Amino acid sequence: MDSNLSIATIRSLCIDMINKANSGHPGMVLDGAPALYTLFTKVMNINPSLSSWQNRDRFVLASGHASSLLYALLHLSGYDLSLDDLKQFRQWQSKTPGHPEITITDGVDASSGPLGQGVPTATGMAIAEKFLAEKYNKEDCSIVDHYTYVLCGDGDMQEGVTYEASSLAGHLSLGKLIVIYDANEVTLDGPLSYSFSENVKKRYEAMNWQVIEVADGNDIQAINRALKRAKKELFKPSIIIMKTVIGYGSCNQGTNKVHGAPLGEEDGKNAKLSYGFDHDPFYVPEEVYDDFKKNVKDRGTRVYKKWLKTVEEYAEKYPEEYKEYKNAIEGNYHLDITELQKEFKPGYTEATRNISHRIIQEVAKQNPTFLSGTADLSSSTKTSIQGEGRFSCEDYTGRNVYFGIREFAMVSIMNGMTLHKGVKISAGGFLVFSDYFKAALRMGSLQECPIILPLSHDSIAVGEDGPTHQPVEQLAMLRSSIDVEVLRPADANEMLASWKIAVETKNMPVALILTRQPVENLTNSTYEDVLHGAYIARKESGDLEGIIIASGSEVGLAIHAQEELEKQGHSVRVVSMPSMNLFDAQSDEYKESVLPNSCRKRLSVEMLSDFGWHKYVGLDGKTMGVDTFGASAPASKVIKEYGFTVENVVKEYNSL
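How each quantity is defined
- Residues numbered from 1 in each chain as written.
- Predicted model: local features only at pLDDT ≥ 70, side-chain atom pairs only at ≥ 80, totals over all residues.
- Heavy atoms only, no water.
- UniProt positions renumbered as here; feature names shortened; annotations may be inferred.
- Salt bridge = Lys/Arg side-chain N within 4 Å of Asp/Glu carboxyl O.
- Helix = DSSP H or I, 4+ residues; strand = E, 2+ residues; numbered from the N terminus.
- Buried < 20%, exposed > 50% of the residue type's maximum accessible area, 1.4 Å probe, protein only.
- Pairing = 2+ DSSP bridges.
- Axes fitted to C-alpha atoms, helices over the stretch in contact; angles between N-to-C directions.
- Contact = heavy atoms within 4.5 Å.
- Polar contact = N/O pair within 3.5 Å; in protein donor to acceptor, adjacent residues only side chain to side chain.
- Phe/Tyr/Trp six-rings, centres within 6.5 Å; stacked < 30°, edge-to-face > 60°.
- Expected span 1.5 Å × (residues − 1).

Looking at an unreviewed UniProt entry, one finds the chain named Transketolase and attributed to Catenibacterium mitsuokai. As recorded by UniProt, the Subunit (unreviewed entry) comment attached to the chain reads in full: "Homodimer." Its UniProt record, at the heading Function (unreviewed entry), says of the chain: "Catalyzes the transfer of a two-carbon ketol group from a ketose donor to an aldose acceptor, via a covalent intermediate with the cofactor thiamine pyrophosphate."

So this is what it looks like as structure tokens:
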């Protein structure tokens, strides 16, 4: 079989897809085709008939704008992606969207679009593979053994998050992570030299990577040798720097004109002729299908069947470990809070970050593949699993992951760990630094990754560290995010329920918003109360006159204000609202029982931006929040100066 014919077919399909859609990015697609052809047909172990096979090699297209290249390969390899699907490239409700989406297209291992997040996502996959391999493989029986591959471009190399993750991957000696860097030296705005001149080779060598260079991106033999060499290096991740010509075959090759615009009919035909391919649009020779069937599908099926035999042997020899492994792969994570509930009696006073730390120990005890991490803040965010080691090249079974001061990469890596399956990852930081990882959180939501983010230091009550560390608008940002569950528990009871929700959530990220300052166990909340998003924390004494709504530490403040108002003859209800999202999802009847429409006298109390609270207090109500940056002083002083005292809450309520 002539490999050149298969590569020409791939390039031609991509030209046709982009021309038909009159939209797309042919540049990297045309120069990267030989590398991905080699990877798919000669190196990667995948099974197109069972795309979810757990021990398959993973592939992440970091440069997601080159999606047509991936779609062509998936179609030819035998995934559930037809030629008609290719013809619907970038069209409404098609299986071939503008950038790869894991929830839409069979064979896509990770969604990609924003440049930079591909390498971090792949790093997370490599971490998960390493942890599971070390934990479950036996000397006589290995059920976890696969590689993670990435195709990235010059744009990815300019994104800081790529280097955040690359630094950690090198530090952790993730030898099964292999990156192909398509170095065509052209970006959308023009030559790469306009904005980038660093020595990538030296930088990656400094980060403990093996660097392999391929002088000609069309030389599939050199590419194959490079990939084989990369696989042999078990103690360093590898990057293959591949020199290519962007838009290879186009009359505008080597320029930014081919980066993000269709070639058009005439240039497209000329490009095809330069490959020796003179056929109608979307034509695939039978020899090409045969090539992929033999070298991708049939080869992958053989490897898969061999793995199945290994799994059968493993299950027979190590039934308990296999049961545990299978349970983890299926994502069956649970938290029984029955015993913990006995520890938190009425009046129990502790910061919710400390309560969270206690719960994390129980989560880890009940879920053997639960890992916990932090962005260099474990002593402050209280995220460490006691008695467990540090995930490192000395101990890959360690369940404490030290991400370093890399919030953006941390969440991207968590996404990759979750996409791999088999692990549940929680990692924390300060709430104010959620700004750093917002883009990764968005990708986590798009990919339905149930990561857990315990975020402490949740308000101006941070105190002395001042406005740079005191969140104001960040909670509103998280609450406004699509498909992110945000819980701000008021005390130990709500904290328990929130962690149970977080552990058992399967289809979206969960952010837990935690206090630095102590809070008293004032509510008698149940798991079901918190699951409803809001509930009556303290009922009114008589006919309902007004409602104070609060979350987190301010629920206690609202309850103490209620007590003062009761002395003044006011019958006030206190509603705790740990989750706006969960409350909004309840029935109209339930919402009416908590916040009856007939009661228009409403006050919300929260030591952050009041954005979003108007929905619950209405036009006749009032919000108490923070609409400026914080200040540096002891927490008690800051809280008082910003008006979050019993006296001021009573005053604000009475002004309604």
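1. A word on the pattern of salt bridges
This structure, assessed with the given rule, holds 32 salt bridges. Of the charged contacts, one joins aspartate 145 and lysine 176 as a salt bridge, the two residues approaching to 2.3 Å between their closest N and O atoms. Of this pair, aspartate 145 sits in the loop between helix H5 (118-136) and strand S2 (148-153) while lysine 176 is found in the loop between helix H7 (160-171) and strand S3 (177-183), placing the two residues 31 residues apart along the sequence. Linked by salt bridges that have partners in common, Asp458, Arg479, Arg488, Glu554 and Glu606 make up one network.

2. Looking at the UniProt feature "binding site: thiamine diphosphate" (unreviewed entry) in the chain
Feature annotation in UniProt places "binding site: thiamine diphosphate" (unreviewed entry) on His65, Gly113, Pro114, Leu115, Gly155, Asn184, His259 and Phe433, given in this structure's numbering. Look at the named residues: they lie 369 residues apart in sequence, and the longest C-alpha span between them is 34.8 Å, so in the fold they stay spread out. Assignment of secondary structure puts histidine 259 in the loop between strand S7 (238-243) and helix H10 (264-274). Judged by relative accessible area, which is 15%, histidine 259 ranks as buried.

3. Notes on the sheet that holds S2
Taken together, the 5 strands give an open sheet; going across it, the order is S1-S2-S3-S7-S6, and neighbouring strands pair in parallel fashion. Of all the strands in the sheet, just strand S1 (58-61) and strand S6 (210-214) have a single pairing partner and so form its edges. The mean inter-strand angle of the sheet, taken between neighbouring strand axes irrespective of direction, is 20°. Note: S2 against S3, 6 bridges, orientation parallel. When the sheet's bridge partners are listed, valine 150 is paired in S3 with valine 179. The strands touched by helix H2 (residues 26-43) are S1, S2, S3 and S7; relative to S2, the strand with the most contacts, the crossing angle is about 170°.

4. Some thoughts on the pairing of S3
Looking down a regular strand, the side chains alternate between one sheet face and the other. Burial analysis of S3 places 7 of its 7 residues in the buried class, which makes it a mostly covered element. As paired strands, S3 and S7 are joined by 6 bridges and run parallel to one another. Residue pairing for S7: valine 179 is matched across the bridge by isoleucine 239.

5. Quick word on the sheet that holds strand S10 (residues 400-402)
The sheet built from 6 strands is open, its strands ordered S10-S9-S11-S12-S14-S13 with parallel pairing. Bordering the open sheet on either side are S10 and strand S13 (485-487), each of which pairs with just one other strand. With direction set aside, neighbouring strand axes in the sheet form an average angle of 20°. Here 3 bridges tie strand S11 (residues 424-430) to strand S12 (residues 452-456), and the two strands are oriented parallel to one another. Residue pairing in the sheet places phenylalanine 430 in a bridge with serine 456 of S12. Docked against the sheet, helix H19 (residues 492-504) engages strand S9 (370-374), S11, S12, S13 and strand S14 (510-513), running at close to 165° with respect to S14.

6. Examining the pairing of strand S18 (residues 572-576)
Along S18, 5 of the 5 residues are buried, which leaves the element largely enclosed by surrounding structure. Across the two faces of S18 the burial is the same, with Val572, Val574 and Ser576 and Arg573 and Val575 all buried. By the bridge criterion, 3 bridges tie strand S16 (residues 535-538) to S18 in an arrangement that is antiparallel. Note on S18: the bridge partner recorded for arginine 538 is valine 574. Judged from the 5 bridges that link them, strand S17 (residues 546-550) and S18 form a sheet pairing that is parallel. Looking at the pairing, isoleucine 549 lines up with valine 575 of S18.

7. Considerations on the UniProt feature "binding site: Mg(2+)" (unreviewed entry) in the chain
Mapped onto the present numbering, the UniProt feature "binding site: Mg(2+)" (unreviewed entry) falls at Asp154, Asn184 and Val186. Taken along the chain, the residues just named run across 33 residues; in space they keep tight, none of their C-alpha pairs more than 7.4 Å apart. Along the polypeptide, asparagine 184 turns up in the loop between S3 and strand S4 (186-187). For asparagine 184, a relative accessible area of 10% puts it in the buried group. Apart from residues lying up to four places away in sequence, asparagine 184 is in contact with Met28, Asp31, Asp154, Thr244, Val245 and Ile246.

8. A few points about the environment of proline 596
Here proline 596 shows up in the loop between helix H23 (588-594) and strand S19 (602-605). For the pair proline 596 and isoleucine 547, spaced 49 residues apart in sequence, the C-alpha separation works out to 9.5 Å. Filtering out sequence-adjacent residues up to four positions away, proline 596 remains in contact with Leu544, Ile547, Arg573, Lys591 and Arg602.

9. Describing the environment of aspartate 106
Inspection of the secondary structure puts aspartate 106 in the loop between helix H4 (83-87) and H5. For aspartate 106, a relative accessible area of 22% corresponds to the partly exposed category. Counting along the chain gives 334 residues from aspartate 106 to alanine 440, while the straight-line C-alpha distance between them is 22 Å. Excluding residues that lie within four positions of it along the chain, aspartate 106 makes contacts with Pro48, Ser51, Leu74, Tyr79 and Asp80. One polar contact links aspartate 106 to serine 51, side chain to side chain, over a distance of 2.5 Å.

10. Some thoughts on the packing of aromatic side chains
Taken as a whole and judged by the stated rule, the model has 22 aromatic pairs. Between the aromatic rings of tyrosine 248 and tyrosine 275, the centroid separation amounts to 6.3 Å while the plane-to-plane angle is 15°, which identifies the pairing as stacked. With a gap of 27 residues between them, tyrosine 248 in the loop between S7 and H10 and tyrosine 275 in the loop between H10 and helix H11 (286-317) connect regions that are remote in the sequence. Since its relative accessible area comes to 28%, tyrosine 248 is described here as partly exposed. Consider the rings of phenylalanine 344 and tyrosine 348, whose centres lie 5.0 Å apart with planes at 65°: the pair is edge-to-face. By relative accessible area, phenylalanine 344 is classed as buried at 4%. Here tyrosine 348 falls in the partly exposed class, since its relative accessible area comes to 28%. Grouped by ring-pair contacts, the aromatic residues Tyr136, Tyr314, Tyr318, Tyr322 and Tyr325 constitute a single cluster.

11. Some details on H7
For H7, built from 12 residues, the straight-helix expectation of 16 Å at 1.5 Å per residue is met to within 8% by its first-to-last C-alpha distance of 17 Å. All of the buried residues in H7 are Val161, Thr162, Tyr163, Ala165, Ser166, Leu168, Ala169 and Gly170. On the buried face of H7, the contacting elements are H5, helix H6 (154-158), S3, helix H8 (200-206), S10 and helix H16 (407-420). Among the residues trailing H7, serine 173 stands out with phi positive, at a value near 55°.

12. Digging into unusual backbone geometry
Look at serine 173: it is not a glycine, yet its phi comes out positive at around 55°. Checked against the element boundaries, serine 173 lands in the loop between H7 and S3.

13. A short note on the side chain of serine 456
Within the element layout of this structure, serine 456 appears in strand S12. Serine 456 gets classed as buried once you look at its relative accessible area, which sits at 0%. There is a polar contact of 2.8 Å between the side chain of serine 456 and the side chain of histidine 457. When residues no more than four places from it in sequence are discounted, the contact partners of serine 456 are Arg353, Ser380, Thr381, Gly429, Phe430, Leu431 and Leu514.

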